[in-house]
Amino acid sequence: MTASPPVVDLRSDTVTRPSAAMRQAMAEAEVGDDVYGEDPTVNALQAEVAELLGHEAGLFTPTGSMANQLALRLLVKPGEELVCDRLAHVVRAEMGAAAALSGITTRTWDAAGGRLDPDALAEAITPNAGPHQVSTTAIAVENTHNFGGGTVQPVEAVQAVRELAREHGIGLHLDGARLWNAHVASGVPLPELAAGFDTVSVCLSKGLGAPVGSVLVSSAERIAEARIWRKRYGGGMRQVGILAAAGRFAVRHNIERLAEDHDRAARLGAALGQKPELIETNIVVLRVPDAPAVGLAAREQGVIVSVIGPTLMRLVTHLDIDDEGLDRAIEVLGPLLAG
């Protein structure tokens, strides 16, 4: 009996499995009790990521959502307002956590492809609104932008938002879950991408291939407060250096190889009829007449995609997708989309 071809999973870059070398680093990790701040591998990871991004201190968290929500908690008091685009991960995919956990209200604006629009943002904010309206106290920027299709935020637009925030005394959070991809795609150094933000979160378990974890960076004072809130949110972890070791390995070995994912995404998009200018990193978003039907038919043939709306599909390349897997995806999806 002929064996079925391996499943090609394009749902997300979160589906990767640790390599043998990463597992070895985990097995050999030196550990301690991180709630006491005594896990040397966690401490090293936090310091290394903070230095990479040009910030003072870092905090390891089990998830990117927790890193984002800790940042928002630091910047926005209950009843105050966060402004971001309507497709931002912090409002679309974190289960209403800003409201449920921190009493934060949100105001959003439409952003084509998730791309920053400083003029629209300037119209949306209401800083120091007094007793009759909600005051905007933080702005969230996402780079790259997930639901925008892996969009890299233009440097000029980010700078304009920094200046706007500074002018009005508004906090700035960078959801940099895929900031590594923005760095590789744009060539802009990581410290420049993270500069001017009060808080920055980066993910270790997406394109970098670690099994779990994110890091929040900021000032030492803010990170000390975030550590308290992490414990309060149930995120205190003990001998977690085993996981932090995977993150350290990922940061050391898997950043520059993201260019391979970007190249494969471009090839995949071209084969499926997407405009090249809409594929900047490792995410391909396709508009089709019936996304659930295409997704189901593709799964039956061993190719898994993410259905993110009635007519929208998302395909994400990652380190577990090689050229053979990409060819298989094109072989399956091409006829389904053409039909």
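Just above, that's the structure.
Residues numbered from 1 in each chain as written. Predicted model: local features only at pLDDT ≥ 70, side-chain atom pairs only at ≥ 80, totals over all residues. Heavy atoms only, no water.

Most of strand β6 (residues 171-176) sits out of view: six of its six residues are buried. Bridge analysis of strand β5 (residues 136-142) against β6 gives five bridges, and the strand direction is parallel. Pairing of Val141 across the sheet is with Leu174, part of β6. For the handedness criterion, the β-α-β arrangement of β5, helix α7 (residues 155-168) and β6 is classed as right-handed. In the sheet, β6 pairs with strand β7 (residues 199-203) via four bridges, with the strands oriented parallel. Each bridged residue has a counterpart across the sheet, and for Leu174 the counterpart in β7 is Val200. (Buried < 20%, exposed > 50% of the residue type's maximum accessible area, 1.4 Å probe, protein only. Helix = DSSP H or I, 4+ residues; strand = E, 2+ residues; numbered from the N terminus. Pairing = 2+ DSSP bridges. Right-handed = clockwise from strand over helix to strand, strands pointing away.)

To continue, consider the layout of surface pockets. Roughly 480 Å³ of internal volume is contained in the largest pocket. Gly113, Phe147, Gly148, Gly149 and Val285 are the residues nearest the centre of the largest pocket, which is lined by 23 residues in total. Per element, the largest residue contribution to the lining of the largest pocket is four residues, and it comes from strand β9 (residues 283-287). The residue makeup of the lining of the largest pocket, split by class, is eleven nonpolar, five polar and seven charged. Space inside the second largest pocket adds up to approximately 300 Å³. The wall of the second largest pocket is formed by 15 residues, among which Pro6, Val7, Val8, Asp9 and Asp320 lie closest to the centre. Elements that contribute at least two residues to the lining of the second largest pocket include exactly β1 (8-9) and α14 (323-338). Each residue belonging to the lining of the second largest pocket can be placed in one class, and the counts come to six nonpolar, two polar and seven charged. (1 Å grid on protein atoms, 1.4 Å probe; cavity = no way out; pocket = protein on both sides within 12 Å on 5 of 7 lines; lining within 4 Å. Points joined across faces, edges and corners; volume = space filled by probe spheres on them. Nonpolar A, V, L, I, M, F, W, Y, C, P; charged D, E, K, R; others polar.)

This paragraph deals with the nonpolar core. Of all hydrophobic cores here, the largest spans 50 residues; its most connected members are Leu53, Phe60, Ile139, Leu179, Trp180, Val200 and Leu204. Those residues within four positions of Leu179 in sequence are excluded, and the remaining contacts are Leu53, Asn143, Thr144, Leu174, Leu190, Leu193, Val200 and Val202. Formed by 21 residues, the second largest nonpolar core is a distinct cluster that contains Leu10, Leu286, Leu326 and Val332. (Core = buried A, V, L, I, M, F, W, Y, C linked by side-chain atoms within 4.5 Å. Contact = heavy atoms within 4.5 Å.)

This paragraph deals with the pattern of salt bridges. All chains considered together, the criterion is met by 16 salt bridges. Between Asp13 and Arg178 there is a salt bridge; the shortest N-O distance is 2.7 Å. Placement of Asp13 in the loop between β1 and α1 (20-27) and of Arg178 in the loop between β6 and α8 (179-186) is noted, with a sequence separation of 165 residues between them. A salt bridge links Arg257 to Asp261; the nearest nitrogen and oxygen atoms lie 2.6 Å apart. The exposure class of Arg257 is buried, given its relative accessible area of 16%. (Salt bridge = Lys/Arg side-chain N within 4 Å of Asp/Glu carboxyl O.)

With a probe scaled to a water molecule rolled over the atoms, the places where space remains empty come into view. Overall, the coordinates contain one cavity of 30 Å³ or more when judged by the stated rule. In this structure, the largest cavity occupies an estimated 50 Å³ of space.

Looking now at the sheet that holds strand β3 (residues 81-85). Strand order in the open sheet formed by seven strands is β2-β8-β7-β6-β5-β3-β4, and the pairing between neighbours is mixed. Where the open sheet ends on each side, the last strands, each with one partner, are β2 (57-61) and β4 (105-109). Strand-to-strand twist across the sheet, computed as the mean angle between neighbouring axes with direction ignored, equals 20°. The sheet strands contacting helix α10 (residues 220-232) are β2, β7 and β8 (214-218), and the helix crosses β2 at an angle near 20°. (Axes fitted to C-alpha atoms, helices over the stretch in contact; angles between N-to-C directions.)

With their axes 8 Å apart at the nearest point, helix α2 (residues 40-53) and helix α11 (residues 241-253) run at an angle of 30° to one another. Compared by their axis directions, α2 and α11 come out roughly parallel. Here the hand of the crossing between α2 and α11 comes out left-handed. In this structure, α2 contributes Thr41, Val42, Ala44, Leu45, Glu48, Val49 and Leu52 to the contact, and α11 contributes Gly241, Ala244, Ala245, Gly247, Arg248, Val251 and Arg252. (Parallel < 35°, antiparallel > 145°, perpendicular 65-115°, else oblique. Left-handed = near helix turned anticlockwise from the far one by under 90°.)

It is worth spelling out α11 at this point. With 13 residues, α11 should cover 18 Å at 1.5 Å per step; its first-to-last C-alpha distance of 18 Å lies within 8% of that length. Listed as buried for α11 are Gly241, Ala244, Ala245, Ala246, Gly247, Arg248, Phe249, Ala250 and Val251. Residues of α11 that are buried make contact with α1, α2, β2 and α8. (Expected span 1.5 Å × (residues − 1).)

Attention shifts here to the pairing of strand β12 (residues 312-316). Taking burial as the measure, the five residues of β12 include four buried ones, the bulk of the element. Taken together, the five bridges between β9 and β12 define a ladder with antiparallel strand orientation. When the bridges of β12 are listed, Arg287 appears paired with Leu312. As defined by bridge partners, strand β11 (residues 306-309) adjoins β12 across three bridges and the pair is classed as antiparallel. What sits directly across from Ser306, in β12, is Arg314.

Another point: the environment of Val251. Its place among the elements puts Val251 in helix α11. When the C-alpha positions of Val251 and Ala210 are compared, they lie 9.1 Å apart, and in sequence the two are 41 residues distant. Aside from chain neighbours lying at most four places away, what touches Val251 is Val49, Leu52, Trp180, Leu204 and Leu208.

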